[in-house]
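Next come the chains, spelled out residue by residue.
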Amino acid sequence: MTDFVQLIISGLATGAIYALAAIGFTLLWQTSQTINFAQGEFVMLPAFFALAGMTALGLPFSLAALFAVACSLAVLGFAFKFLIVDPLIGQKGTLPLVISTIAVALLLKDGAKEFYSAEGQRFPTILPNDVVAIFGLKISLDQIGVLVIAVATIALLQWFLAGTRTGRQMQATAQNPTVARILGVNVERMILLTFLINAGLAAIASLLISPIYLVKFSNGEVLGLTAFVAAIVGGFNQVRGAIAGGLLVGVLDNLAAAYVSSRYRLAVPLLLLVVIILFRPQGLLGRKEERSV
Amino acid sequence: MKLKAWVGAGSALAGALLASSYAVAQDVIKIPNIIELSGGGATVGAMWKNASSMAVEEINAKGGILGKKIQLDYIDTGSDPGKARAAIQRALDDKPIAIFGPIYSGSVNATLKLTAEAETPQVIGGEAANLTQQGSKYLFRTSFGQNVSMPKIANYIRDDVKAKTIAVVYQNNDFGKGGRNAIVPELEKRGIKVVADMSTEPGQADFAADVVKVKGANADAIFVYLTEEESARFLIEAKKQGVDKPLLGETTLLGQKVIDLAKDSANGARGHVGLSVDAPIAAVQDFGKRFEARYKHKADHNGIKGYIALYMIKAAAEKAGKLEPKAIADALRGLTITPAKEPGILIEASWDETGEIDRVSFLAEVKDGKQVITQTLPKLK
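Residues numbered from 1 in each chain as written. Chains lettered and ligands numbered in written order. Predicted model: local features only at pLDDT ≥ 70, side-chain atom pairs only at ≥ 80, totals over all residues.

### Describing the overall build of chain B
1) Next: Tallying secondary structure elements over chain B gives twelve helices and 15 strands in all.
2) Next: Relative to the globule expectation of 21 Å for 381 residues, the C-alpha radius of gyration of chain B, 23 Å, shows essentially globular dimensions.
3) Next: Its C-alpha atoms give chain B principal-axis dimensions of roughly 95 × 40 × 40 Å.
4) Next: Residues counted as buried form 56% of the 381 residues belonging to chain B.
5) Next: Pairs at least 24 residues apart make up 66% of the contacts formed inside chain B by residues separated by at least 6 positions. (Helix = DSSP H or I, 4+ residues; strand = E, 2+ residues; numbered from the N terminus. Rg over C-alpha atoms; globule rule 2.2 N^0.38 Å. Buried ≥ 20, exposed ≤ 12 C-beta atoms within 10 Å, placed from the backbone. Contact = placed C-beta atoms within 7 Å.)

Printed below as a string of structure tokens:
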């Protein structure tokens, strides 16, 4: 029983990080109809920015982390939107943009490999490594810290979206950009803000996951796939769906590794994806969408 | 007449240039290093590359091998056996005197028949037991095969750790499965019961579930047989979950790269190491210092492998008296190279007819971020 509970806790901790990446997926889709297949690499890259800050600029870790967030906003927010998304968003269909994000993923991955290193790199953690015993369970303060930070970030985002004027304008843009524009919402600014929020979430996810995964150019492959699965399973058109999807996939992944096999750990979330698409395509918490033709 | 003269002069000039470039080419012998420079094995390949670069500069500074300078070409396998095979096939077209690599056993398995057919010595970093059991007379190890190292670690677990039950965690590739298949019978022969037998995936990043399972097995000790990055991630997770049973390994778990990545999570890991810059051997420690001075980080066993590979070929070529692949392989088979005759070999080593290496080895423990050698074990023969 204690093993099971520990698997749930560690699954929730990793799942919370997947949720951060999945929320980014969902927000980009809602506001700009962008499916970002480079999302995994968006989570991989900020850790390299932090390492570069520490090694090349000699920054202490705390400042390097802020440097990483700033670089992420600039590169994965501004540059991605203006250089990749804006020129392609008016094109027929979403395919040109999808293909471009795949190309961006390859570019970021090989760029990190060529310009930094192909080897795994150690990444410091700000969280304590101590283990505490609670009701017979040995729980790492690091895991609790990851869960707290991820949940706090999500809670802050939810408050921002629902409790502030700008957040409600973003939601209006996501629901119907034409009407939002008529009502005086600066739709272009809201879309830019979404990209910046996605970049920020990716940076936080990167800083949380890199001490566990080590920093490696190939980290984005699994992270991207898992975040995509989480977003679809939870509901691609609802932020709360992405949260639920991330946590569910994190827990399932852990339980599959423990009770099925490490070899098939990814198969279980993928099977869940197939089942959801077949029987509830809007996701567990998503809204049914209809199109008129 | 004038045109004929120009054509004649031009031909003579072209011929002279070609001859001189051919002569230059003949004075430089290329040895391809087909190794892991990206993918899961990037850490391993980088160490090999750095150390082999040091060795080739030293050898060339002293006149090369049999008067010829050596040039190492590095080709990345991407830690992929298919790519390794294609790279070896291309390299063999140039009829090299030897091929170095791959280091990953899966890639060695995919390539050893090619070098055997081409009668070209292949100096490898792989440790899977089955590599030298496939009948190739052209394969030569730079480190112990698992068939040699696992009995040593099994003795250590029985005699020093005194574990009655053990959990085995291994990587699901040629290296890990070979190690698992070698260690489990040795443990069972010594009356140690394997209470958990768990595979993990190459490149796996999340070990939370595996550590929970291992803890649940409640074994007296845990034998961890993963490659470098995976070993570090496992150790980090084991520390996070408060694993308090001895974590035992064979070379990789206690390697310097793992210590660098896992930091204090590596403390307490112990086991058998075939090669270490902390070995109580002056030549090895000197190599370690020179490597660290040049590359600003410590070498691990993969660095030592890459370094001695050059000196193996040098010693064999000098014994054969020629830079010819079949002659070098024939000379290396059954050869014992001593540091007295060839200082670059660092530790006396012998190769048998299957290419298996015999050498002293060590028991070690990681203390305060350093690998500490606790015992030296003799050569088998």
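### Side note on the overall build of chain A
1) Next: Broken down by element type, chain A carries eleven helices and two strands.
2) Next: Ordering the α and β elements of chain A from the N terminus gives α-α-α-α-β-β-α-α-α-α-α-α-α.
3) Next: Over its C-alpha trace chain A gives a radius of gyration of 19 Å, about what one expects of a compact globule, namely 19 Å for 293 residues.
4) Next: The dimensions of chain A, computed from C-alpha atoms along their principal axes, are 60 × 50 × 35 Å.

### Description of the nonpolar core
1) Next: Grouped together as the largest cluster of nonpolar side chains are 209 residues, with contacts concentrated most on Ala19 of chain A together with Met312 of chain B.
2) Next: The residues that make up this core include at least three from each of domain 1 (23–144 + 280–358) and domain 2 (147–273) of chain B.
3) Next: When near neighbours in sequence (up to four residues on either side) are disregarded, Met312 of chain B contacts Val123, Phe140, Leu332 and Ile337 of chain B. (Core = buried A, V, L, I, M, F, W, Y, C linked by C-beta atoms within 7 Å. Domains from an automatic or database assignment.)

### Digging into the domain arrangement of chain B
All names here are of chain B.
1) Next: Taken domain by domain, chain B consists of domain 1 (23–144 + 280–358) and domain 2 (147–273).
2) Next: Averaged C-alpha coordinates put domain 1 and domain 2 at centres separated by 28 Å.
3) Next: Contact with domain 1, which involves 19 residues of that partner, is made by 19 residues of domain 2.
4) Next: Mapped onto the side of domain 1 that touches domain 2, the elements with two or more residues apiece are helix H2 (42–61) and helix H4 (105–117).

### Re the pairing of strand S10 (residues 270–273) of chain B
Successive side chains on a regular strand alternate, one facing one side of the sheet and the next facing the other.
Residue and element names in this part refer to chain B.
1) Next: Pairing between strand S9 (residues 247–250) and S10: three bridges, direction parallel. From the neighbouring strand, Glu250 faces S10, where its bridge partner is His272.
2) Next: Read from S9 through helix H9 (residues 256–262) to S10, the crossover connection turns out right-handed.
3) Next: Taken together, the four bridges between S10 and strand S14 (residues 361–367) define a ladder with antiparallel strand orientation. The partner of Arg270 across the bridge, within S14, is Glu365. (Pairing = 2+ DSSP bridges. Right-handed = clockwise from strand over helix to strand, strands pointing away.)

### Concerning the packing of helix H1 (residues 2–32) of chain A against helix H5 (residues 141–163) of chain A
All names here are of chain A.
1) Next: Here H1 crosses H5 at 35 degrees, and the two axes come no closer than 9 Å. For the pair H1 and H5, the crossing hand works out as left-handed. Along the contact surface, H1 presents Ile9, Ser10, Leu12, Ala13, Ala16, Ile17, Ala19, Leu20 and Ile23, while H5 presents Gln143, Val146, Leu147, Ala150, Val151, Thr153, Ile154 and Leu157.
2) Next: Grouping the constituent residues of the contact of H1 with H5 by class yields 14 nonpolar, three polar and no charged. (Axes fitted to C-alpha atoms, helices over the stretch in contact; angles between N-to-C directions. Left-handed = near helix turned anticlockwise from the far one by under 90°. Nonpolar A, V, L, I, M, F, W, Y, C, P; charged D, E, K, R; others polar.)

### Details of the environment of Thr226 of chain A
All names here are of chain A.
1) Next: Mapped onto the secondary structure, Thr226 falls in helix H9 (residues 219–234).
2) Next: Note: C-alpha distance between Thr226 and Gly40 (186 residues apart in sequence) is 8.5 Å.
3) Next: When sequence neighbours within four positions are dropped, the list of residues in contact with Thr226 reads Tyr18, Val249 and Pro269.

### A word on the sheet that holds strand S11 (residues 336–337) of chain B
Residue and element names in this part refer to chain B.
1) Next: Taken in spatial order, the three strands line up as S11-S12-S13 in an open sheet, and their pairing is antiparallel. With partners counted over all chains shown, the strands left at the sheet margins are S11 and strand S13 (357–358), one partner each.
2) Next: Bridge count between strand S12 (residues 349–351) and S13: two bridges; the pairing is antiparallel. Its bridge partner being in S13, Trp351 is matched across the sheet by Ile357.

### Comments concerning the confidence of the model for chain A
1) Next: Chain-level statistics for chain A give a pLDDT mean of 89 and a share of 97% at 70 or above.
2) Next: Here strand S2 (residues 137–140) of chain A is the element of chain A with the lowest mean pLDDT, 78, and helix H2 (residues 39–55) of chain A is the one with the highest, 96. (pLDDT = per-residue confidence, 0-100.)

### Considering the pairing of strand S7 (residues 193–200) of chain B
1) Next: Relative to S7 of chain B, strand S6 (residues 165–171) of chain B runs parallel, the two sharing seven bridges. Counted as the bridge partner of Gln171 of chain B is Thr200 of chain B from S7 of chain B.

### Describing the confidence of the model for chain B
All names here are of chain B.
1) Next: Per-residue confidence for chain B gives a mean pLDDT of 92; residues scoring 70 or more make up 93%.
2) Next: Here residues 18–24 is modelled with pLDDT under 50, and outside its nearest four sequence neighbours on either side it reaches zero contacts, counting other chains as well.
3) Next: Confidence estimates for the predicted assembly give a pTM of 0.86 and an ipTM of 0.87.

### Side note on unusual backbone geometry
All names here are of chain B.
1) Next: Note that the residue after Gly101, namely Pro102, is joined by a cis bond; omega there is -5 degrees.
2) Next: Note on placement: Pro102 falls in the loop between strand S3 (99–100) and H4.
3) Next: Of note, the phi angle at Lys95 is positive, near 50 degrees, even though the residue is not glycine.
4) Next: Structurally, the position occupied by Lys95 is in the loop between helix H3 (81–92) and S3.

### Comments concerning the environment of Ile102 of chain A
Residue and element names in this part refer to chain A.
1) Next: Take Ile102: it is sitting in helix H4 (residues 95–115).
2) Next: Residue classification places Ile102 among the partly exposed residues on the basis of 14 C-beta atoms within 10 Å.
3) Next: A C-alpha to C-alpha distance of 6.0 Å links Ile102 and Ala38, two positions 64 residues apart in sequence.

### Here we look at the sheet that holds S9 of chain B
Residues and elements named next belong to chain B.
1) Next: Pairing is mixed in the open sheet, where seven strands are placed in the order S7-S6-S8-S9-S10-S14-S15. In this open sheet, the two edge strands, each paired with only one partner strand, are S7 and strand S15 (370–377). Between one strand axis and the next, the sheet turns by 25 degrees as a mean value, whatever way the strands run.

### Observations concerning the interface of chain A and chain B
1) Next: The interface of chain A with chain B comprises 26 residues on the first partner and 29 residues on the second.
2) Next: The greatest single-element share of the side of chain A that touches chain B, amounting to five residues, is contributed by H1 of chain A.

### Regarding helix H10 (residues 282–295) of chain B
Residue and element names in this part refer to chain B.
1) Next: The terminal C-alpha atoms of H10 lie 20 Å apart, and with 14 residues this matches the ideal 20 Å at 1.5 Å per residue to within 8%.
2) Next: Turning to H10, its buried residues number three or more, namely Val284, Phe287, Gly288 and Phe291. Buried residues of H10, seen end-on, are gathered within an arc of 100 degrees and therefore sit on one face of the element. Seen from the buried face of H10, the exposed residues on the opposite side, beyond 90 degrees, are Ala282 and Ala293.
3) Next: Tucked into the core, H10 has its buried residues touching H2 and helix H11 (301–320). (Expected span 1.5 Å × (residues − 1). Arc of directions from axis to C-beta.)

### Quick word on the environment of Gln171 of chain A
1) Next: Structurally, the position occupied by Gln171 of chain A is in helix H6 (residues 165–175).
2) Next: Distance from Gln171 of chain A to Leu266 of chain A, taken between C-alpha atoms, is 33 Å for residues 95 residues apart in sequence.

### What to know about the packing of helix H5 (residues 146–161) of chain B against helix H6 (residues 174–189) of chain B
Residues and elements named next belong to chain B.
1) Next: Close contact between H5 and H6 brings their axes to 9 Å; oriented N to C, the two are set at 40 degrees. The pairing of H5 with H6 is recorded here as oblique in orientation. Once H5 is placed against H6, the crossing between them reads as right-handed. Contacts between H5 and H6 involve Gln146, Asn147, Met150, Pro151, Ile153, Ala154 and Ile157 on the former and, on the latter, Gly178, Gly179, Ala182, Ile183, Glu186 and Leu187.
2) Next: Classifying every residue of the contact of H5 with H6 gives eight nonpolar, four polar and one charged. (Parallel < 35°, antiparallel > 145°, perpendicular 65-115°, else oblique.)

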